[in-house]
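# Coordinate inspection notes
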Amino acid sequence: MPDFTADFGVNAAWVADLFARWTADPRGVPEDWSDYFSRLAPEKAHVNGASTPAAPADGAAATGTFDAPARDERRAAPPPEGPAG
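Let me sum up the structure you'll find in this document. (Residues numbered from 1 in each chain as written. Predicted model: local features only at pLDDT ≥ 70, side-chain atom pairs only at ≥ 80, totals over all residues. Heavy atoms only, no water.)

## Regarding the side chain of Ser 34
Along the chain, Ser 34 turns up in helix H3 (residues 31-40). Excluding residues that lie within four positions of it along the chain, Ser 34 makes contacts with Trp 22, Pro 26 and Val 29. (Helix = DSSP H or I, 4+ residues; strand = E, 2+ residues; numbered from the N terminus. Contact = heavy atoms within 4.5 Å.)

Structure representation (structure tokens):
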């Protein structure tokens with residue numbers, strides 16, 4: 001199983017669970033995650049009827065990098081500074 005910590009931090013366990021569900025049944029996760037996992041682990045993409053993703057229509061070669069499904073990039077605002085003393 002891939003280590004999702006670098007890309008997903010505290011959510012890595014959740015993504016690992018999705019990956020495990022996907023390897024058991026690719027239709028058991030949302031389509032964007034299924035697409036992501038099939039690019040990440042093409043050797044597992046054929047499990048239970050999933051197919052390996054088709055080559056890009058323009059014939060471009062794979063680069064070896066994959067974009068995860070969109071996620072919210074907003075960060076919490078830093079706490080306000082206290083009164084100057």
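## Looking at the packing of aromatic side chains
In this structure the tally under the stated criterion is twelve aromatic pairs. For the pair Trp 22 and Phe 37, a centre-to-centre distance of 5.8 Å together with 45° between the ring planes defines the contact as tilted. Of this pair, Trp 22 sits in helix H2 (residues 12-24) while Phe 37 sits in helix H3, placing them 15 residues apart in sequence. Here Trp 22 matches Phe 37 in class, with each residue buried. The interplanar angle of 35° and the centroid separation of 5.6 Å between the aromatic rings of Trp 33 and Phe 37 together place this pair among those described as tilted. You can see Trp 33 and its partner Phe 37 sitting in helix H3, four residues apart, about one turn around the helix. Classification of Phe 37 by relative accessible area gives buried; the value is 0%. Taken together, the ring pairs in this structure connect Phe 4, Phe 8, Trp 14, Phe 19, Trp 22, Trp 33, Tyr 36 and Phe 37 into an aromatic cluster. (Phe/Tyr/Trp six-rings, centres within 6.5 Å; stacked < 30°, edge-to-face > 60°. Buried < 20%, exposed > 50% of the residue type's maximum accessible area, 1.4 Å probe, protein only.)

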